[in-house]
Amino acid sequence: MKPVVMVTGSRRGLGKAIAYEFAKKGYNIVLNDKEERKVLEALKADLEFRFAIEVLICFGDVSNESVVLEMLENVKQKFRTLDCLVNNAGIVFDMELFERSTELFETTIHNNVTGTYLMCKHFGDFMFNQDKVTRIINISSTNGIHCNFPTSIDYDASKSAIISLTHNFAIQFAPKVLVNSVAPGWMNTEMNADLPKDLVEEEQNKIYVRRFAEPEEVATLVYYLGSKENTYVNNEVIVIDGGY
């Protein structure tokens, strides 16, 4: 039986790259997003055609507990197992600090932190009670460690919180579920497509390899941590930023 991975926020960018990386290695895939169902359907068709795997779409908001519980039931019914969960879904709104409303700040925290919490809590419990070792990867960011920008103060705070969640869930689900966090730096994704050119040049010059990462490069690391190849890396936050 093929192993199964669920990737939240998988319609584009890093989430999409992660889904393809696992599919290439023969995993059945659970796709998730809360926007553009047709994009997910096209992605499902392409993955199934190219890699001869099964793909389940769980469309919905991971920060809504009833939706999370419904998605879990769908995964159980379809695959009866889950080997890896990648919590990638997240949002960001860049703007000057005093232009940001409290409501917008809370929206980012709710989506990014509560979403990761709910997925780890409910899916992690299901994974813990399986008769095998499973893995959870939470996508944080260097913004949650050492690259802080007041223009994304809520995003930065949410990524720090995701690191804290990683440590706590690693304790909660030991020894059956290996829980780690990946903290990418700058990436060439849709989220960063509209950055000012002068900012891109400035930030690239701070990176030792002098470029942003491609999503596929980060996906390779996520795959290793989430696969059976990883038997001992646990409770870690691994930075992948090209040197910064």
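Whatever comes next refers back to the structure up there.
Structural notes, computed from the coordinates. (Residues numbered from 1 in each chain as written. Predicted model: local features only at pLDDT ≥ 70, side-chain atom pairs only at ≥ 80, totals over all residues. Heavy atoms only, no water.)

## Some thoughts on the overall build of the protein chain
Next up, step 1: Helix and strand content of the protein chain: seven helices and seven strands.
Next up, step 2: Helices and strands appear in the protein chain in the N-to-C order β-α-β-α-β-α-β-α-β-α-β-α-α-β.
Next up, step 3: Relative to a compact globule of 244 residues, whose C-alpha radius of gyration would be 18 Å, the protein chain shows 17 Å and is just as compact.
Next up, step 4: Its C-alpha atoms give the protein chain principal-axis dimensions of about 50 × 35 × 35 Å.
Next up, step 5: For the protein chain, with 244 residues in total, the buried portion stands at 52%.
Next up, step 6: Across the protein chain, every contact between residues at least 6 apart in sequence was considered, and the portion connecting residues at least 24 apart equals 75%.
Next up, step 7: Roughly 11,700 Å² of accessible area belongs to the protein chain as shown, and the carbon and sulfur atoms make up 52% of that amount.
Next up, step 8: For the protein chain, the distance from the average site of its 25 positive side-chain charges to the average site of its 34 negative ones is 8 Å. (Helix = DSSP H or I, 4+ residues; strand = E, 2+ residues; numbered from the N terminus. Rg over C-alpha atoms; globule rule 2.2 N^0.38 Å. Buried < 20%, exposed > 50% of the residue type's maximum accessible area, 1.4 Å probe, protein only. Contact = heavy atoms within 4.5 Å. Areas by Shrake-Rupley, 256 points an atom, 1.4 Å probe, with all protein chains shown as cover. Lys, Arg positive; Asp, Glu negative; His and termini not counted. Charge placed at Lys NZ, Arg CZ, Asp CG, Glu CD.)

## Some words on the environment of Leu 165
Next up, step 1: If you trace the backbone, Leu 165 turns up in helix α5 (residues 153-172).
Next up, step 2: The class of Leu 165 is buried, set by a relative accessible area of 15%.

## Observations concerning the nonpolar core
Next up, step 1: Counting 32 residues, the largest nonpolar core has Ile 18, Phe 22, Ile 29, Leu 47, Val 86 and Val 222 as the members making the most contacts within it.
Next up, step 2: What Ile 29 contacts, discounting residues up to four positions off in sequence, is Val 5, Ala 19, Phe 22, Ala 23, Ile 53, Glu 54, Val 55, Leu 56 and Phe 79.
Next up, step 3: Grouped together as the second largest cluster of nonpolar side chains are 29 residues, Val 62, Ala 89, Val 113 and Ala 170 included. (Core = buried A, V, L, I, M, F, W, Y, C linked by side-chain atoms within 4.5 Å.)

## Thoughts on unusual backbone geometry
Next up, step 1: Look at the link from Ala 174 to Pro 175: it is a cis peptide, with omega at 0°.
Next up, step 2: Topologically, Pro 175 is positioned in the loop between α5 and β6 (177-184).
Next up, step 3: Of note in this structure, Ala 52 is not a glycine but carries a positive phi near 55°.
Next up, step 4: Relative to the helices and strands, Ala 52 resides in the loop between α2 (37-51) and β3 (55-59).

## Concerning the packing of helix α1 (residues 13-24) against helix α7 (residues 215-226)
Next up, step 1: Packing of α1 against α7 brings their axes to within 8 Å, and their N-to-C directions diverge by 55°. Relative to α7, the element α1 is oriented oblique. Between α1 and α7 the crossing geometry is right-handed. Residues Gly 13, Leu 14, Ala 17, Ile 18, Glu 21 and Phe 22 of α1 form the contact with α7, whose participating residues are Pro 215, Glu 216, Val 218, Ala 219, Thr 220, Val 222, Tyr 223 and Gly 226. (Axes fitted to C-alpha atoms, helices over the stretch in contact; angles between N-to-C directions. Parallel < 35°, antiparallel > 145°, perpendicular 65-115°, else oblique. Left-handed = near helix turned anticlockwise from the far one by under 90°.)

## Observations regarding the sheet that holds strand β1 (residues 4-7)
Next up, step 1: Read across the open sheet, the seven strands follow the order β3-β2-β1-β4-β5-β6-β7; overall the sheet is parallel. Pairing within the sheet leaves two strands with one partner each, and these edge strands are β3 and β7 (237-240). Within the sheet, the average angular offset between the axes of one strand and its neighbour, ignoring direction, is 15°.
Next up, step 2: Lying over the sheet, α2 contacts β2 (28-33) and β3, oriented at roughly 170° with respect to β3. (Pairing = 2+ DSSP bridges.)

## Things to note about the pairing of β2
Next up, step 1: Judged by how many residues are buried, β2 sits mostly within the fold: six of six residues are covered.
Next up, step 2: Neither face of β2 is open: one carries Asn 28, Val 30 and Asn 32, the other Ile 29, Leu 31 and Asp 33, and all of them are buried.
Next up, step 3: Looking at chain direction, β1 and β2 are connected through four bridges and run parallel. Its bridge partner being in β2, Met 6 is matched across the sheet by Val 30.
Next up, step 4: Crossover connection from β1 via α1 to parallel β2: handedness right-handed.
Next up, step 5: When β2 meets β3, the two strands line up parallel, connected through five bridges. The residue of β3 that forms the bridge with Asp 33 is Phe 59. (Right-handed = clockwise from strand over helix to strand, strands pointing away.)

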